[in-house]
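Chains, contacts and geometry: an overview
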Amino acid sequence: MNRSKYIAFEGLEGCGKSTHVTRLATALNGLATREPGGTEIGAALRATMLDAKNTSLSPRSEALMMAADRAQHIQQVVLPAIESGRHVVSDRSVYSSLAYQGYGRELDLESLRHFNSWAIQDVWPDLVVFIDVPLDALLERLKKRELDRFEREDRSFFERVLRGFHEMARQEPDRWVIIDGSPPKDELEVTIRRLIAERLSI
Ligand code: TYD
């Protein structure tokens, strides 16, 4: 029998992750969840971290708040679902911290890996689906909305984050799949479903 799987979607803002998290979780009869903000405690942390008024929040505090959100999420949501035999599909994971706080904010990657690994009780996603969209398309889309604290970062920040995601995907090819995010949603959904079946036999 297949053990339940923990699948994470990663990508930059507005790449379409959330739609596919919902669709895949429905298809697998699994649990859709997210980081940050997948728990009540996490929602409070998320509000603080995303609030554009919090310009004084330091990179290290931000990294620890992300890790705290994640510790709560793994303990309260991910582990119970896995233990009850459900698949978990999460909008972002520990890899977002390595990409944003590590590559983006340029905090030490080894330290981030270490305390995040502790925060998640060493429960890493079985598979990471990275939805790749061109940075220009993303920046164009951001012009049209009210921006949160992360979205106010400059182009070079997002370039570093994107490079981080690609580097991590290269380092762990068995755990990562990169998907071109440009096709229409329905087409992408079929591709994702096929990849999940191939990689995880579910
Ligand atoms: P998210 O809700 O996924 O935003 P979006 O739907 O716009 O992609 O994530 C909120 C923000 O938090 C996003 O800008 C990325 C950032 N983030 C980190 O910096 N580190 C992390 O570990 C996580 C999970 C998210």
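Below: a short report on this structure. (Residues numbered from 1 in each chain as written. Predicted model: local features only at pLDDT ≥ 70, side-chain atom pairs only at ≥ 80, totals over all residues. Heavy atoms only, no water.)

Another aspect to go through is the overall build of the protein chain. Of the regular secondary structure elements, the protein chain holds eight helices and five strands. Its C-alpha atoms give the protein chain a radius of gyration of 16 Å, near enough to 17 Å, the size a compact globule of 202 residues would have. Counting only C-alpha atoms and orienting by the principal axes, one finds that the protein chain spans roughly 50 × 35 × 30 Å. Among the 202 residues that make up the protein chain, the fraction classed as buried is 50%. When contacts within the protein chain are restricted to residue pairs at least 6 apart in sequence, those whose partners lie at least 24 apart make up 79%. Looking at the protein chain, you have 28 positive and 31 negative side-chain charges, and the mean spots of the two groups are 2 Å apart. (Helix = DSSP H or I, 4+ residues; strand = E, 2+ residues; numbered from the N terminus. Rg over C-alpha atoms; globule rule 2.2 N^0.38 Å. Buried < 20%, exposed > 50% of the residue type's maximum accessible area, 1.4 Å probe, protein only. Contact = heavy atoms within 4.5 Å. Lys, Arg positive; Asp, Glu negative; His and termini not counted. Charge placed at Lys NZ, Arg CZ, Asp CG, Glu CD.)

Let us look at the pairing of strand β3 (residues 88-91). The alternating pattern of β3 places Val-88 and Ser-90 and Val-89 and Asp-91 on opposite faces, both of which are buried. Relative to β3, strand β1 (residues 6-10) runs parallel, the two sharing four bridges. In the sheet register, Ile-7 faces β3, and the bridge partner there is Val-89. Two elements, strand β2 (residues 31-34) and β3, share four bridges in a ladder whose sense is parallel. The residue of β3 that forms the bridge with Ala-32 is Val-89. (Pairing = 2+ DSSP bridges.)

The next point concerns the environment of Leu-138. Within the secondary structure layout, Leu-138 lies in helix α6 (residues 135-142). Distance in space between the C-alpha atoms of Leu-138 and Leu-12 is 7.7 Å, their sequence separation being 126 residues. In this view, Leu-138 contacts Leu-12, Glu-13 and Phe-158; residues no more than four positions away in its chain are not counted.

Residue position: Ser-117 is located in helix α5 (residues 109-119). When residues no more than four places from it in sequence are discounted, the contact partners of Ser-117 are Asp-122 and Trp-124.

Another point: the site of the ligand. Around the ligand, the structure places 15 residues, and the nearest of them are Glu-13, Arg-46, Arg-70, Arg-92 and Gln-101. Residue Arg-46 places a side-chain N or O atom 2.8 Å away from an oxygen atom belonging to the ligand. In this structure, Gln-101 approaches the ligand through a side-chain N or O atom, which is 2.8 Å from a nitrogen atom. Computed on the free molecule, the ligand has an accessible area of 540 Å², of which 93% lies beneath the protein chains in the complex. Listed by contribution, the elements that provide at least two residues to the shell around the ligand are α3 (59-83) and α4 (94-104). Residue contributions to the shell around the ligand peak at four residues, all from α4. Here the shell around the ligand is composed, by residue class, of four nonpolar, three polar and eight charged. (Near = heavy atom within 4 Å. Polar contact = N/O pair within 3.5 Å; in protein donor to acceptor, adjacent residues only side chain to side chain. Areas by Shrake-Rupley, 256 points an atom, 1.4 Å probe, with all protein chains shown as cover. Nonpolar A, V, L, I, M, F, W, Y, C, P; charged D, E, K, R; others polar.)

The next point concerns helix α7 (residues 155-171). For α7, which comprises 17 residues, the first-to-last C-alpha distance of 24 Å matches the rise-based estimate of 24 Å (1.5 Å per residue) to within 8%. Along α7, the positions that sit buried rather than exposed are Phe-157, Phe-158, Val-161, Leu-162, Gly-164, Phe-165, Met-168 and Ala-169. Each buried residue of α7 lies within a common arc of 150 degrees when the element is viewed along its axis, so the set occupies one face. For α7, the elements touching its buried residues are β1, α4, β4 (127-132), α6 and β5 (176-180). (Expected span 1.5 Å × (residues − 1). Arc of directions from axis to C-beta.)

Time to look at the nonpolar core. Leu-12, Tyr-95, Phe-165, Met-168 and Trp-176 are the most contacted members of the largest nonpolar core, which totals 33 residues. Listed by contribution, the elements that provide at least two residues to this core are α3, α4, β4, α6 and α7. Looking at this core, the element that brings in the most residues is α7, giving seven residues. If near-sequence neighbours (up to four positions away) are discounted, Leu-12 is found in contact with Lys-17, Arg-92, Tyr-100, Leu-135, Leu-138, Phe-158, Val-161 and Leu-162. Counting residues in hydrophobic clusters, the runner-up holds 20 residues, among them Leu-24, Ala-25, Val-89 and Ile-179. (Core = buried A, V, L, I, M, F, W, Y, C linked by side-chain atoms within 4.5 Å.)

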